[in-house]
Amino acid sequence: MKQTSSIFAALILALGIITSIPHPSSATTTQSDIVEMQVQSKKVVETVYYEGIISFPPKTIYYNKGGWTGTLNLGFSRFDHDRNQTVSQYSGIVSCTGNCYLPTSLTDIK
């Protein structure tokens, strides 16, 4: 009888230890998590038109629109003879610095 109660006590102790160990919950991504990730940063491409011939356009420009800010790097630059202007395209990752506008559909993207 004493041996049976010892086994029973050991079994209860083992069961208590197993159930007290914290188990990691499964990771799930909700729609609000996805939106939160998008709100932190996004890629921006900006085209800048300079009057006349600009042999060396700025290598970077500062972007600050709709709460999104960051530095954009020059991708390419070309001269448009018909319009007498230098066309430069910049791109980079910008960050949200407050209430930032996110397009809700493709028609919102300009």
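Residues numbered from 1 in each chain as written. Predicted model: local features only at pLDDT ≥ 70, side-chain atom pairs only at ≥ 80, totals over all residues. Heavy atoms only, no water.

**Let's talk about the side chain of Gln85**
- Within the element layout of this structure, Gln85 appears in strand E4 (residues 85–96).
- Residue contacts for Gln85: discarding those within four places in its chain leaves Tyr49, Tyr50, Glu51, Gly52, Arg78, Phe79 and Asp80. (Helix = DSSP H or I, 4+ residues; strand = E, 2+ residues; numbered from the N terminus. Contact = heavy atoms within 4.5 Å.)

**Considering the nonpolar core**
- By size, the foremost hydrophobic cluster in this structure holds 10 residues: Val44, Val48, Tyr50, Ile61, Tyr63, Trp68, Leu72, Tyr90, Val94 and Cys100.
- Secondary-structure elements contributing two or more residues to this core are strand E1 (41–51), strand E2 (60–65), strand E3 (68–80) and E4.
- It is E1 that provides the largest number of residues to this core, a total of 3 residues. (Core = buried A, V, L, I, M, F, W, Y, C linked by side-chain atoms within 4.5 Å. Buried < 20%, exposed > 50% of the residue type's maximum accessible area, 1.4 Å probe, protein only.)

**Topic: the side chain of Thr69**
- Turning to its location among the elements, Thr69 is positioned in strand E3.
- Other than its neighbours up to four places away in sequence, Thr69 contacts Tyr62, Tyr63, Asn64, Val94, Ser95 and Thr97.

**Notes on the environment of Ser41**
- Here Ser41 lies in strand E1.
- Taking C-alpha positions, Ser41 is 5.5 Å from Val94, a pair spaced 53 residues apart along the chain.

Honestly, it's all geometry; don't read function into it.
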